[in-house]
Amino acid sequence: MARVLCLAACMALQPGAAQAQGASGNEQHNQLVGEPGAGADATACAPRIISVQAARAPHGARPTEGWVAVTLPEVWTRRWPGYGGSAWYRIDWQRGCAGAAGPVALGIDGISVAGEVYINDELLWRDASLAEPLSRSWNVPRWWMLPESALQAGVNTVWVRAVGPAALSPGLGAVRLGDARTVAEEQRHSQWRQRTVYLINAVVCAMSGALFLLAWLLRRREAEGPGYGWFGLMALAWLAYLTTYLAETQWPWPDSIARARFGMVALVAYVLCACRFTFSFGGQHLPWAWRALWLLAALGAGAAVFAPAAAAGAWFGWVWQAAMAVFLANCVQFQWHAWRARPGGRRPEHMLLALAWLVFLVVALFDFFSVLDRWQVARNWAALSGLLVI
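Let us look at the structure shown here.

What counts, and at which threshold
- Residues numbered from 1 in each chain as written.
- Predicted model: local features only at pLDDT ≥ 70, side-chain atom pairs only at ≥ 80, totals over all residues.
- Heavy atoms only, no water.
- Helix = DSSP H or I, 4+ residues; strand = E, 2+ residues; numbered from the N terminus.
- Buried < 20%, exposed > 50% of the residue type's maximum accessible area, 1.4 Å probe, protein only.
- Contact = heavy atoms within 4.5 Å.
- Areas by Shrake-Rupley, 256 points an atom, 1.4 Å probe, with all protein chains shown as cover.
- Pairing = 2+ DSSP bridges.
- Axes fitted to C-alpha atoms, helices over the stretch in contact; angles between N-to-C directions.
- Parallel < 35°, antiparallel > 145°, perpendicular 65-115°, else oblique.
- Left-handed = near helix turned anticlockwise from the far one by under 90°.
- Nonpolar A, V, L, I, M, F, W, Y, C, P; charged D, E, K, R; others polar.
- Core = buried A, V, L, I, M, F, W, Y, C linked by side-chain atoms within 4.5 Å.
- Expected span 1.5 Å × (residues − 1).
- Polar contact = N/O pair within 3.5 Å; in protein donor to acceptor, adjacent residues only side chain to side chain.
- Disulfide = S-S within 2.5 Å.

On to the overall build of the protein chain, then. When you go through the protein chain residue by residue, the secondary structure sums to nine helices and twelve strands. Going through the 390 residues of the protein chain one by one, you find that 51% of them count as buried. Excluding contacts between residues fewer than 6 apart, the proportion of contacts in the protein chain whose partners are at least 24 apart in sequence is 76%. Accessible surface computed for the protein chain: about 17300 Å², of which carbon and sulfur atoms make up 64%.

Attention now moves to the pairing of strand β10 (residues 156-164). Along β10, nine of the nine residues are buried, which leaves the element largely enclosed by surrounding structure. A two-sided burial pattern is seen for β10, the buried positions comprising Asn156, Val158, Val160, Ala162 and Gly164 on one face and Thr157, Trp159, Arg161 and Val163 on the other. When strand β7 (residues 114-119) meets β10, the two strands line up antiparallel, connected through six bridges. The partner of Ile119 across the bridge, within β10, is Val158.

Between helix α3 (residues 180-219) and helix α4 (residues 225-246), the shortest axis-to-axis distance is 7 Å and the interhelical angle comes to 155°. By the criterion of interaxial angle, the relationship of α3 to α4 is roughly antiparallel. Note on packing geometry: the crossing formed by α3 with α4 is left-handed. Of the residues assigned to the contact of α3 with α4, the class counts are 20 nonpolar, six polar and two charged.

With that out of the way, let us pick up the nonpolar core. If you look at the biggest cluster of nonpolar residues, it comprises 60 residues, and the most contacted ones within it are Leu267, Tyr270, Phe327 and Trp357. Those elements giving two or more residues to this core turn out to be α3, α4, α5 (256-281), α6 (287-306), α7 (312-339) and α8 (348-369). It is α5 that contributes the most residues to this core, 15 residues altogether. If you look at the next biggest cluster of nonpolar residues, it comprises 29 residues, including Val70, Leu106, Ile119 and Trp144.

Moving on: the sheet that holds strand β12 (residues 175-178). Strand pairs in the sheet, formed through backbone hydrogen bonds, run parallel or antiparallel to each other. With respect to topology, three strands assemble into an open sheet ordered β9-β5-β12, the strand pairing being antiparallel. On the outer flanks of this sheet lie β9 (142-146) and β12, each paired with one strand and no other. Strand-to-strand twist in this sheet, taken as the mean axis angle between neighbours without regard to direction, amounts to 15°. For strand β5 (residues 104-108) and β12, the ladder comprises four bridges, and the chain directions are antiparallel. Residue pairing in the sheet places Gly107 in a bridge with Arg176 of β12.

With 26 residues, α5 should cover 38 Å at 1.5 Å per step; its first-to-last C-alpha distance of 37 Å lies within 8% of that length. Among the 26 residues that make up α5, 22 are buried, leaving the element largely enclosed by the rest of the structure. Of the residues that open α5, the one with a side-chain oxygen 3.2 Å from the backbone nitrogen of Ile257 is Asp255. Just past α5, the residue Gly283 takes up positive phi, approximately 65°.

Moving on to the state of the cysteines. Within the structure shown, the criterion is met by zero disulfides. Summary of cysteine pairing: Cys275 is not part of a disulfide, and the nearest cysteine sulfur, belonging to Cys331, is at 8.1 Å.

A few words now on the environment of Arg142. By secondary structure assignment, the location of Arg142 is in strand β9. C-alpha of Arg142 to C-alpha of Ala184: the two residues are 42 residues apart in sequence and 9.3 Å apart in space. In contact with Arg142, not counting residues within four places along its chain, are Leu106, Gly107, Ile108, Trp125, Asp127, Ser137, Gln187 and Glu248. Of note is the side chain of Arg142, whose polar atom sits 3.0 Å from the side chain of Ser137.

Turning to the packing of α5 against α6, a few remarks are in order. The N-to-C vectors of α5 and α6 enclose an angle of 170°; their axes lie 8 Å apart at closest approach. When the axis of α5 is compared with that of α6, the two are roughly antiparallel. Only Ala289, Trp290, Leu293, Trp294, Ala297, Gly300, Ala301, Ala304, Val305 and Phe306 of α6 make contact with α5, whose side of the interface consists of Arg261, Met264, Val265, Val268, Leu272, Cys275, Arg276 and Phe279. Per-class residue counts for the contact of α5 with α6 are 15 nonpolar, one polar and two charged.

Moving on: the environment of Arg56. With respect to the helices and strands, the residue Arg56 is situated in strand β1 (residues 48-56). Among the residues examined, Arg56 registers a relative accessible area of 44% and is labelled partly exposed. Once residues within four sequence positions are removed from consideration, Arg56 is found in contact with Pro63, Trp80, Tyr83, Ser86 and Ala87.

Structure, rendered in structure tokens:
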């Protein structure tokens, strides 16, 4: 029973595979954060984004041509397939009314994979490393107060340089301008969605993984022993995968692609352990399924490790989809196993696990078949579903 409860926490999040879609447009209304409740005048005088444009920068320098209108958040490989390296984003904005005073804050939900930010020509912030091994800012929301000395009358420009390989969905997350209180509040929500939820899951997985591996050591000769072991390994594999969202450096890996390979192998290991745990917990003796799982896991891990760097993005996508397909099949088959009529009646612990898997089945199906925003990596409803199961 305890294994089912811990399972919910470890699987509270199912990451989406879809990426943000770029679109053209001059007015970026959804990027602006005004001051709620401050009245019509305050809203009218809030900073207003005029346009957002992007351009490739193969040599890193700010380009003078090639600018195209975009909508944030976006992943630039949807516009420039196969392009990796650097790109600049130009965000032109102005205060809503002439002579408007008061500090202006800037918030960015993420820069993939690393980047730097300027206000006009003044450096505001820069990642520690803009060359491999790149810093990891893709899932780190940040905000700053714009120095008044760097602002000018009329139109101001926020320049953002993003650096990343094509395989890792390079681009820019949502951007907001407004007063400090409003931008800070939005940042707090982004911090919860993109960092805190994953950190809570990581802590729970680490604790449950250690606990159940210890239980396996103490009870490995008993009938339930293998179940404890597979659950512990499953929790640790999910913890390893969560570092994809939490790590801010590539360490100990030499570059971004190597870390991504590790993340995909961790995902494959998680699915393998989840299936083996399900079989063991449910008392299912399926030697043919075990052999098939080992074969599929070896193929998936091999594809992730040996994928050519130039085509790594596509290979990672195939591995992710295959892993999710196996995971969903496991969830479905256990519904039949738990709810079917049998001599002696249904077992409550099997039905409880089946309900837990059903929640995650719904979450995974939503992510699998929906066109999700690549930058909304932590969905509140997905996190709450895990807490509700607990």
